[in-house]
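# What the coordinates show
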Amino acid sequence: MALVLAGLKVEDLHWDLLIALVVGVVVALGLGSSVPNLLFRTIGDALALDVDLGARPLLVGVALVAVVGLVVGLVGDAPIHEVVRRPDRDALLGREAVQAAAEREAPFAQPGRGRLV
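Each value, and the rule that gives it
- Residues numbered from 1 in each chain as written.
- Predicted model: local features only at pLDDT ≥ 70, side-chain atom pairs only at ≥ 80, totals over all residues.
- Heavy atoms only, no water.
- Helix = DSSP H or I, 4+ residues; strand = E, 2+ residues; numbered from the N terminus.
- Buried < 20%, exposed > 50% of the residue type's maximum accessible area, 1.4 Å probe, protein only.
- Areas by Shrake-Rupley, 256 points an atom, 1.4 Å probe, with all protein chains shown as cover.
- Patch = residues over 30% accessible without salt bridge, like charges linked within 9 Å, V, L, I, M, F, W, Y side chains within 5 Å.
- Salt bridge = Lys/Arg side-chain N within 4 Å of Asp/Glu carboxyl O.
- Expected span 1.5 Å × (residues − 1).
- Contact = heavy atoms within 4.5 Å.
- Axes fitted to C-alpha atoms, helices over the stretch in contact; angles between N-to-C directions.
- Parallel < 35°, antiparallel > 145°, perpendicular 65-115°, else oblique.
- Nonpolar A, V, L, I, M, F, W, Y, C, P; charged D, E, K, R; others polar.
- pLDDT = per-residue confidence, 0-100.

### Looking at the overall build of the protein
- Helix and strand counts for the protein stand at seven helices and zero strands.
- Sequence-ordered secondary structure for the protein, helices as α and strands as β, is α-α-α-α-α-α-α.
- Buried residues in the protein amount to 9% of all 117 residues.
- Of the roughly 10,300 Å² of accessible surface on the protein, a fraction of 68% belongs to carbon and sulfur atoms.

### Description of a nonpolar patch on the surface
- Nonpolar side chains collect at one region of the surface, where Trp15, Leu18, Ile19, Leu21, Val22, Val23, Val25, Val26, Val27, Leu29 and Leu31 lie side by side and expose about 1,100 Å² of accessible area between them.
- Along the chain, the position of Val25 falls in helix 2 (residues 14-32).
- The class for Val25 is partly exposed, based on a relative accessible area of 42%.

### With respect to the pattern of salt bridges
- Enumeration according to the criterion identifies one salt bridge in this entry.
- Note that Asp45 is salt-bridged to Arg56, the shortest N-O span being 2.8 Å. Pair noted here: Asp45 is in helix 3 (residues 35-47) and Arg56 is in helix 4 (residues 56-75), with a separation of 11 residues, a long-range link.

### Focus: helix 3
- For helix 3, which comprises 13 residues, the first-to-last C-alpha distance of 18 Å matches the rise-based estimate of 18 Å (1.5 Å per residue) to within 8%.
- Ala48 lies just past helix 3 and shows a positive phi near 55°.

### Quick notes on the side chain of Arg56
- For Arg56, a relative accessible area of 10% translates into the label buried.
- With near-sequence residues (within four places) excluded, Arg56 lies in contact with Gly44, Asp45, Leu49 and Val51.

### Some details on helix 2
- When the terminal C-alpha atoms of helix 2 are compared, their 27 Å separation across 19 residues agrees well with the 27 Å that a helix rising 1.5 Å per residue should span.
- At the C-terminal side of helix 2, Ser34 shows a positive phi close to 65°.

### What about the packing of helix 3 against helix 4?
- Following both chains from N to C, one finds helix 3 and helix 4 inclined at 95°, their axes separated by 8 Å at the closest point. As summarised for this structure, helix 3 and helix 4 are arranged roughly perpendicular, according to the angle between their axes. Taken together, the residues of helix 4 that come into contact with helix 3 (itself represented by Asn37, Phe40, Arg41, Ile43, Gly44 and Asp45) are Arg56, Pro57, Val60, Gly61 and Leu64.
- For the contact of helix 3 with helix 4, the residue count by class is five nonpolar, three polar and three charged.

### Considering the confidence of the model for the protein
- Mean pLDDT over the protein stands at 76; residues scoring 70 or higher make up 61%.
- Confidence, expressed as mean pLDDT per element, reaches its minimum in the protein at helix 5 (residues 80-84) with 52 and its maximum at helix 3 with 91.

Now the structure itself:
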């Protein structure tokens with residue numbers, strides 16, 4: 001990715017790439033040293049769940065992710081119809097661009113003109 005951006009001659013990426021590298025190394029070290037598994041096992045032991053010891057971190061992790069997802073979903077400020085709906089073509093392209101595109105397509109919209117029959 002860095003080579004593509006360098007080939008496109010995008011400027012001022014030094015700090016962004018450095019921050020991405022540091023975040024990537026921290027996440028890799030955290031996941032590689034099994035910190036989430038240790039955290040989920042500790043929470044499961046503290047709750048004294050009556051499940052198999054091998055499945056306890058998995059169940060706690062799934063429940064924790066579900067609770068975090070629920071909180072983010074309830075607190076989130078974007079209604080689903082705003083996320084799913086398509087953006088307005090006039091607002092993105094500008095009214096002039098939409099009218100110019102409609103004029104270019106006009107001969108093909110009329111029956112018998114501009115089409116191969």
